[in-house]
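# Close look at the chain arrangement
The residues making up each chain are set out below.
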Amino acid sequence: KLKKFLHGREQMAKGELPLDWSAAEALAFASLAAQDVRIRMSGQDSERGTFSHRHAVLHDYETGEKYFSLQHVPGSTAPIDIINSPLSETGVLGFEYGYSLACPDALVLWEAQFGDFWNVAQPIVDQFIASGEDKWQQLSGLVLLLPHGFEGAGPEHSSARLERFLWLAAEDNIQVVYPTTPAQYFHCLRRQALRSWRKPLAVMTPKSLLRHPKVISSLDELSSGGFQRVLPDTTVSAREVKRILLCSGKVYYDLAQHREETKREDVAIIRLEQLYPLRHELLERALENYREGAPVFWVQEEPANMGAWNFMRIQFGEKLFGRFPFNGIAREISATPATGSAKRHKQEQTEIIQRAFGEKA
């Protein structure tokens, strides 16, 4: 498995294969190390990656010796540490928050094994990460990597509770992103480290998309450009569009696949990559060429009382920019984030996609 993984990385470096999510992350870390930026990541399985996608630290199974390639970036003098932490989220996240204050020039990251594992550490987010600047003028650039996405794995392994971060978002206190491509993730991490100011960053990261054949980027997309808060739809003609879908993250690929299969060129899909701070003018620019009155739907995997839908409704009301009727498509309201039945999950997911395309009321 490791041999295949490393051979794939070699092919990506040569441009023979496109970059996947973990390769883009490794290149973000390596390029920052080359600029002498200190990097520290901790999490319950961060060395290998919960989904066997990172393999940042290799272990010799005969001698126990470790090899950490990122500590050998040519010309770098900045330390890089990726550490497997204890299963004690409150203590670990509290420590990393303190580390980010003591070492503001470093890129400090905490990774949850699954997104909702920060439930146990919510007091740290509420009392310190989201409010520390307002209460004490303490600036933190701490990054939270939170695997998120509904894939039939049940309520404990689906949701990073995106809505909780959006409830806490005010006065530019935090950043909340849900990137859909390796290049977007690469530029987001570099932006976080190289900015001259510090704000906490919550990233909804993938699970199944780590190996999705469409979740790829080229070396050119990493070497140029930057993080895009809104990704417009460049694949359809605005004049033909009768229905506009807004979304973030994993559900985009389900929507795009259905559009391709049904050849629906009258549906546009726009991705909101950064949910907070939300730049209204960028979204308005992405919508400017569509005909007035075309219905816009916010599409999410989460139940209607979770996810970003209520946040978006508060932001825009029943009409987007006075031009587009605005409604939401989501799972039914629920006391838990997701069903524990894989069969029921598939039924719900199919229903969301059909409703998004107007195929089901």
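Below you will find a few notes about this structure.

### Points about the sheet that holds strand E10 (residues 243-247)
If you trace the 6 strands from one edge of the open sheet to the other, you get E9-E11-E10-E13-E15-E14, paired in mixed fashion. Of all the strands in the sheet, the pair left with one neighbour each is strand E9 (230-231) and strand E14 (319-320). Those strands touched by helix H12 (residues 342-356) are E10, strand E13 (296-303) and strand E15 (324-331), and its axis lies near 170° from that of E15.

### Regarding the packing of helix H9 (residues 251-262) against H12
Closest axis-to-axis distance for the H9/H12 pair is 10 Å, and the angle between their directions is 60°. Judged on the interaxial angle alone, H12 and H9 are oblique. Read as a crossing pair, H9 and H12 show a hand that is right-handed. Contacts between H9 and H12 involve Val251, Asp254, Leu255 and His258 from the former and Gln349, Ile353 and Ala356 from the latter. Across the contact of H9 with H12, the residue classes break down as 4 nonpolar, 2 polar and 1 charged.

### Examining the sheet that holds strand E6 (residues 143-147)
The strands making up a sheet associate through backbone hydrogen bonding, with each pair oriented either parallel or antiparallel. The sheet built from 7 strands is open, its strands ordered E4-E1-E5-E6-E8-E7-E12 with mixed pairing. At either end of the open sheet lies a strand with only one pairing partner, and these are strand E4 (80-84) and strand E12 (274-276). Adjacent strand axes in the sheet meet at a mean angle of 20° when their direction is disregarded. With 2 bridges connecting them, strand E7 (residues 175-177) and E12 associate as antiparallel partners. Its bridge partner lying in E12, Val177 is registered against Gln274.

### Side note on H9
The end-to-end C-alpha distance of H9, which contains 12 residues, comes to 17 Å, matching closely the 16 Å that a straight helix rising 1.5 Å per residue would cover. Where H9 is concerned, the buried positions are Val251, Tyr252, Tyr253, Leu255, Ala256, His258 and Arg259. On its buried side, H9 packs onto E10, strand E11 (267-272), E13 and H12. Of the residues trailing H9, Lys263 is marked for its positive phi of about 55°.

### Considerations on the nonpolar core
Soluble, globular proteins show a tendency: their nonpolar side chains are buried together. Counting residues in each nonpolar core, the largest one holds 55 residues, and the members touching the most others are Phe29, Leu107, Leu109, Leu245, Leu255 and Val299. Here this core gets 7 residues from one element, more than from any other, and that element is helix H2 (residues 21-34). Each residue touching Leu245, except ones within four places of it in the same chain, is listed here: Leu255, Val267, Ala268, Ile269, Ile270, Phe297, Val299, Ala356 and Phe357. Core analysis: the second largest hydrophobic core is formed by 53 residues, Tyr99, Met204, Leu283 and Ala308 among them.

The rules behind these values
Residues numbered from 1 in each chain as written. Predicted model: local features only at pLDDT ≥ 70, side-chain atom pairs only at ≥ 80, totals over all residues. Heavy atoms only, no water. Pairing = 2+ DSSP bridges. Helix = DSSP H or I, 4+ residues; strand = E, 2+ residues; numbered from the N terminus. Contact = heavy atoms within 4.5 Å. Axes fitted to C-alpha atoms, helices over the stretch in contact; angles between N-to-C directions. Parallel < 35°, antiparallel > 145°, perpendicular 65-115°, else oblique. Left-handed = near helix turned anticlockwise from the far one by under 90°. Nonpolar A, V, L, I, M, F, W, Y, C, P; charged D, E, K, R; others polar. Expected span 1.5 Å × (residues − 1). Buried < 20%, exposed > 50% of the residue type's maximum accessible area, 1.4 Å probe, protein only. Core = buried A, V, L, I, M, F, W, Y, C linked by side-chain atoms within 4.5 Å.

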